[in-house]
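# Topology and contacts: notes
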Amino acid sequence: MTSVARRPAPARHAETEAYPGQRQPTTPPRSGGSHGPRARTRAVPPQKESGRASARVVLAVIALGAVAVIALWWHSTPDVRGLGGWLTGAGEVLGLLAGYGVVVLVALMARLPPLERGIGTDQLARWHAMGGRYVVCVVWAHALLIVWGYAVEAHTSVTGETAALLTQYPDVLMATVGGFLLLGVGLISMRAARRRVRYETWYYLHLYTYLAIALAFSHQFADGVAFVNNLAARFWWSAMYLTVAVLIVWYRFVAPLRSFARHGFHVIGVRQEGPGIVSVYIGGSRLDELDAEPGQFFRWRFLTRSLWWSSHPYSLSAAPGKDLLRITVKDLGDHSQALARLQPGTRVIAEGPYGAFTATGSGRGVVLLAGGVGINPLRAMFATLPGPVTLIYRASSTRDVVFADELDAIAAARGATVHYVIGSRAELGGDPLSPRVLRSLAPGLDEQDVYVCGPDGMTSAAIEALRAAGVPKRRIHRESFEF
Ligand SMILES: Cc1cc2nc3c(=O)[nH]c(=O)nc-3n(C[C@H](O)[C@H](O)[C@H](O)COP(=O)(O)OP(=O)(O)OC[C@H]3O[C@@H](n4cnc5c(N)ncnc54)[C@H](O)[C@@H]3O)c2cc1C
């Protein structure tokens, strides 16, 4: 085990890391050079609105929308009679809620900057995944209740009613196909299935959601009691779908292309940081206009023959400069491995910045807790956060430690502390991130903000230990490298 603590000279806060002469380098800057000791101070926005408050506002707006949807059904249904009427009525409400739910699910993933920055992509993805399960269930409950209700009212069998609806109402047939597509997407997104398919396979199958929504759209107006005789409802419902469609096209396609044209992102160079870990330096102009913050990430699309078709998220591993960005990547699969072979001059589409894993500006002390490649966003924050900062860097072996020179130099420049906690549990003789150890590494831990980034298992265990060490939940900030 190695655990090194450094406590150099009195604190000097960091603001923006200086890049050499603020001009585009032709080769990547050397370790411990522009990205470390010459770090300069960066003003953190005063007490940003907390992510939790933004989350509550967004959830309240979604809930209000659901109430409005139920009011629409209430308004269009003067009276409900008999078992058939109740079944059909329940099916209609669920149908409206499903139609609203899919729009909310898509909007959460539309990469809207206020949501991405205020709430964070990982939280949005969790809501999307959880909401998706409910919406698929609501879609099928809607279909079953409607068919059952119609069958009761018409005194026919459920199978006979199903056959009649599918053969006589083309919109219903299309919506049924859409329902099966949604079910398929839901099944493949289940944890057990998701682990078995490649990320790209899952992602492209997920896009069938859009087809499912398009197929189901027309049956709402053709057959939905809330819309048939209500022009205003049809108008506002269409406006809701259209708005989200425009937002998707804008933020997923137009905005990244505009940013590409404006900033001219291109690879400056690649540097080996350790076994299987490389840093990619990306140049461009007027990058300060991106308003990127340390701790955030971009989705990077490298325009080479084999990489152009997919974009992957990587965090900034140094504070963004005016004309230079840096990411650091561990080779886990096809994409991350290919980055080691990038040639200078390769054009890049950078979509972002995304993520709410940024300084809160609370004025309290800060503890950064990194595991493995999770050091990247924390490395960028370490150089720039104001106030007293302690960095705890967990790695299973010294081979896995990157940026040691930079981290030591930053610590020396700003009077911060770095603890390297290295070795397996067996080598360390116990849990190296237990509440007791954490308290000893970061005195006054329970009074500070803690930022955690690492493998999901380590992050969850560390958060439990932090809670046990007395750190309130609201002061623990985490970034997940898995959506
Ligand atoms: C917010 C965020 C920030 C990240 N920052 C870093 C970083 O700074 N450095 C680093 O090394 N890694 C980072 N990652 C992880 C990195 O994105 C994946 O390791 C990489 O995309 C793997 O792709 P691959 O083709 O090499 O490997 P694969 O074997 O194809 O994928 C390995 C795993 O990576 C994930 N993944 C794959 N493709 C994507 C994708 N397009 N979008 C999202 N997840 C994907 C999946 O969970 C998959 O199971 C980050 C991930 C997220 C979500």
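Up top is the structure these notes are about.
Residues numbered from 1 in each chain as written. Predicted model: local features only at pLDDT ≥ 70, side-chain atom pairs only at ≥ 80, totals over all residues. Heavy atoms only, no water.

## Focus: the sheet that holds strand β3 (residues 297-302)
Reading across the sheet, the 3 strands line up as β4-β3-β6 and stay open at both edges, with antiparallel pairing between neighbours. The open sheet has two free edges, formed respectively by β4 (312-315) and β6 (348-354), since each of these has just one partner strand. Pairs of neighbouring strands in the sheet enclose a mean axial angle of 30°, with direction left out of account. Examined bridge by bridge, β3 and β6 share 5 bridges and lie antiparallel to one another. Its bridge partner lying in β6, Trp-300 is registered against Ala-350. (Pairing = 2+ DSSP bridges. Helix = DSSP H or I, 4+ residues; strand = E, 2+ residues; numbered from the N terminus. Axes fitted to C-alpha atoms, helices over the stretch in contact; angles between N-to-C directions.)

## Side note on the environment of Leu-205
By the secondary structure assignment, Leu-205 is in helix α8 (residues 199-206). Under the relative-accessibility criterion, Leu-205 is labelled partly exposed at 32%. As for Leu-205 and Ser-189, which are separated by 16 residues in sequence, their C-alpha atoms are 9.5 Å apart. Beyond its immediate chain neighbours, meaning those up to four positions away, Leu-205 contacts Val-185 and Ile-188. (Buried < 20%, exposed > 50% of the residue type's maximum accessible area, 1.4 Å probe, protein only. Contact = heavy atoms within 4.5 Å.)

## Description of the site of the ligand
Taken together, 21 residues lie near the ligand, and His-312, Pro-313, Thr-328, Lys-330 and Ser-336 sit nearest. At a separation of 3.1 Å, an oxygen atom of the ligand approaches a polar backbone atom of Ser-315. When the free accessible area of the ligand is taken as 880 Å², the share hidden by the protein chains comes to 86%. Secondary-structure elements contributing two or more residues to the shell around the ligand are α8, β4, β5 (324-330) and α12 (334-338). Each residue belonging to the shell around the ligand can be placed in one class, and the counts come to 9 nonpolar, 9 polar and 3 charged. (Near = heavy atom within 4 Å. Polar contact = N/O pair within 3.5 Å; in protein donor to acceptor, adjacent residues only side chain to side chain. Areas by Shrake-Rupley, 256 points an atom, 1.4 Å probe, with all protein chains shown as cover. Nonpolar A, V, L, I, M, F, W, Y, C, P; charged D, E, K, R; others polar.)

## Remarks on the pattern of salt bridges
Applying the stated rule across the entire model yields 12 salt bridges. Close ionic contact of Glu-200 with Arg-198 constitutes a salt bridge, the shortest N to O distance being 3.1 Å. Assessed through its relative accessible area of 17%, Glu-200 is described here as buried. One network of salt bridges, in which partners are shared, links Arg-271, Glu-273, Arg-326, Arg-379 and Glu-406. (Salt bridge = Lys/Arg side-chain N within 4 Å of Asp/Glu carboxyl O.)

## Section: the packing of aromatic side chains
Applying the stated criterion to the full structure yields 15 aromatic pairs. Relative to Tyr-241, the ring of Trp-237 has its centre 6.3 Å away and its plane inclined at 40°; by these criteria the two rings are tilted. Taken together, the positions of Trp-237 and Tyr-241, both in helix α11 (residues 231-263) and 4 residues apart, correspond to about one turn of that helix. Relative accessible area serves as the criterion here: at 13%, Tyr-241 is assigned to the buried category. (Phe/Tyr/Trp six-rings, centres within 6.5 Å; stacked < 30°, edge-to-face > 60°.)

## A closer look at α8
Listed as buried for α8 are Glu-200, Trp-202 and His-206. Relative to the axis of α8, the buried residues are bounded by an arc of 160° and lie together on one face. Buried positions along α8 lie against α4 (121-154), α6 (170-188), α7 (191-194), α9 (208-223) and β4. (Arc of directions from axis to C-beta.)

## Topic: a positive patch on the surface
Taken together, the side chains of Arg-52, Arg-56, Arg-467, Lys-473 and Arg-474 present a region of like positive charge at the surface. Counting through the fold element by element, Lys-473 comes out in the loop between α17 (456-468) and β11 (476-479). (Patch = residues over 30% accessible without salt bridge, like charges linked within 9 Å, V, L, I, M, F, W, Y side chains within 5 Å. Lys, Arg positive; Asp, Glu negative; His and termini not counted. Charge placed at Lys NZ, Arg CZ, Asp CG, Glu CD.)

## Considerations on unusual backbone geometry
Put simply, Gly-352 and Pro-353 share a cis peptide bond, and its omega is 5°. Looking at where Pro-353 falls in the secondary structure, it is placed in strand β6. Unlike most non-glycine residues, His-155 shows phi in positive territory, near 55°. By the element assignment, His-155 lies in the loop between α4 and α5 (158-168). Here His-155 falls in the exposed class, since its relative accessible area comes to 74%. Although it is not a glycine, Phe-403 sits at a positive phi angle of roughly 65°. Structurally, Phe-403 is set in the loop between β8 (389-395) and α14 (404-414). Given a relative accessible area of 3%, Phe-403 falls into the buried group.

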